[in-house]
Amino acid sequence: SVKHWDDNKSSNESIRLRIAIIGRPNVGKSTFLNSLLAENRLIVSSKPGTTRDSVDISYDHNGKLITLIDTAGIRRKANVVDNLESRFVEKSIESIKRSHVVILMLDSLLGIEQQDLSIAEAAIKGGKGIIIVLNKWDLIGKDDRSKLIKFVKQQEVTRLFLEVPTVTISALKGMRCGDVIDKCLEVSESLNKKISTAKLNNWLIDAVEKHSHPLIKGRAIKMKYIAQIGTKPPAFSLVCNVPESVDESYKRYLINDLRKNFFAEGVPVRLLLKKNKNPYAK
Ligand SMILES: Nc1nc2c(ncn2[C@@H]2O[C@H](COP(=O)(O)OP(=O)(O)OP(=O)(O)O)[C@@H](O)[C@H]2O)c(=O)[nH]1
Ligand SMILES: [Mg+2]
C-alpha cells in the first residue's frame, strides 16, 4: 500500500549516511565530488575559496543513497590578521555536526598540518567516524609514497590517539574515489555496532591480563564489569573500584584495545569509568 511505501521511504531517509568532506582550500574537495558524480555539477577552480558555503549533494553509490556535504576551505583574507586556524575549524565544525562520517582531505604535497589535526580532533570529539584521504597522489613520486603514509599514520597515533583509514587518491584522474565511499560505509556500519556483554567481559579479562594497571599507593585497581551504553559512537561503561585513580594512558590502552577488537579504524570509542554501586557501602 501507499502507506507502507511512505513508511519505508521515511525510515530510509532517517538512516541515510551523511558524509562531510573537509579540507583546507585547494586540496581538491570539489574535484573529488565531481569525479564521483561524473559530471560537473559543482564549480571547480584553482582559486582557493571557490565554494562559499557547504553544499549537500545526493549521491547514489551502487544503489545506496548517500548525502555528501562539500565544505569550502577558508581563504586567508589579504591584510587581515586574524586567527585563520580557528575560522577554518569553526566553519568545518558546522559541516561535521551535520554528518556521521568525516572525510578529512589532504593535499599530498602539503601533508598533514595543525589545522587538519584540529579538524580531526573535532570530528573524533563529536563522535563522528573519520577517514583521511591523501589527494593528488598523482603528484607524489614513488620514492616519497611510503614515507608520506608513514608520517600521516604516525600523526594519527601520536596526535589523535586513533588509527584512521587512510586512502590515497587522485581526484583529478578519478583514481580510487569510489574506494573512499566504500571506506565511509564500512566506518558507518561499525559506528552502529553493538557488542554483547558476554563478549565485552571476556575481552576485559584478556585486556587486564595482557596489561594490568599499576598499583596506586599499594592498592590494586580492579576493572570489574563492562557494558555497552550507546552507539554512534560506540560508548561503554566500565565499573572500577577507584575510577578517579585510573591512569589516562591506561584508559587509552583500554580504548585502543577495545577499538581494535571490535570496531573499524576511524571509529571513536568512548569509555566511561564508573564506581561500582554497592548499596552497602557508606
Ligand atoms: N594533480 C592534481 N590536481 C588536483 C587533484 N585534485 C584537484 N586538483 C586541482 O587542485 C585545484 C583545486 O581543486 P578544487 O577541487 O577546487 O579544491 P577545493 O578543495 O574544492 O577548494 P575550495 O572549494 O576552494 O576549498 C584544481 O586546480 C584542481 O584541478 C588531483 O588529484 N591531482
Ligand atoms: Mg571546492
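- Under the annotation held in an unreviewed UniProt entry, the protein chain carries the name GTPase Der and is attributed to Wolbachia pipientis.
- The heading Sequence similarities (unreviewed entry) in the UniProt record of the protein chain holds the text "Belongs to the TRAFAC class TrmE-Era-EngA-EngB-Septin-like GTPase superfamily. EngA (Der) GTPase family."

## Quick look at the environment of C184
Here comes step 1: With respect to the helices and strands, the residue C184 is situated in helix α6 (residues 177-191).
Here comes step 2: Along the backbone, C184 and I103 are 81 residues apart, and their C-alpha atoms lie at a distance of 7.9 Å.
Here comes step 3: For C184, the contacting residues outside a window of four places in its chain are L17, I19, V101, I103 and I131.

## Some points on the sheet that holds strand β1 (residues 17-22)
By definition, the strands of a sheet pair up through backbone hydrogen bonds, in either a parallel or an antiparallel sense.
Here comes step 1: If you walk across this open sheet you meet the 6 strands as β2-β3-β1-β4-β5-β6, and the pairing is mixed. Of all strands in the sheet, those with a lone pairing partner are β2 (55-61) and β6 (166-168), marking the two edges. Strand-to-strand twist in this sheet, taken as the mean axis angle between neighbours without regard to direction, amounts to 25 degrees.
Here comes step 2: Here helix α4 (residues 114-125) sits on the sheet and contacts β1, β4 (101-107) and β5 (129-135); the angle it forms with β4, its principal contact strand, is near 170 degrees.
Here comes step 3: Against the sheet, α6 touches β1, β2, β3 (64-70), β4, β5 and β6, its axis set at about 165 degrees to β5.

## A word on a nonpolar patch on the surface
Here comes step 1: On the surface, a nonpolar cluster with roughly 300 Å² of combined accessible area is contributed by L109, L110 and L139.
Here comes step 2: Overall, L109 belongs to the exposed group, its relative accessible area being 52%.

## Observations concerning the pattern of salt bridges
Here comes step 1: Considering all chains together, one arrives at 12 salt bridges under this definition.
Here comes step 2: K210 is the partner of D257 in a salt bridge, and the nearest nitrogen-oxygen pair spans 3.0 Å. Taken together, the residues D257 in helix α8 (residues 248-262) and K210 in helix α7 (residues 197-210) connect sequence positions 47 residues apart.
Here comes step 3: Beyond isolated ion pairs, a larger network of salt bridges with shared partners links R18, D56 and R98.

Cut-offs and rules
Residues numbered from 1 in each chain as written. Chains lettered and ligands numbered in written order. Predicted model: local features only at pLDDT ≥ 70, side-chain atom pairs only at ≥ 80, totals over all residues. Heavy atoms only, no water. UniProt positions renumbered as here; feature names shortened; annotations may be inferred. Helix = DSSP H or I, 4+ residues; strand = E, 2+ residues; numbered from the N terminus. Contact = heavy atoms within 4.5 Å. Pairing = 2+ DSSP bridges. Axes fitted to C-alpha atoms, helices over the stretch in contact; angles between N-to-C directions. Patch = residues over 30% accessible without salt bridge, like charges linked within 9 Å, V, L, I, M, F, W, Y side chains within 5 Å. Areas by Shrake-Rupley, 256 points an atom, 1.4 Å probe, with all protein chains shown as cover. Salt bridge = Lys/Arg side-chain N within 4 Å of Asp/Glu carboxyl O. Buried < 20%, exposed > 50% of the residue type's maximum accessible area, 1.4 Å probe, protein only.

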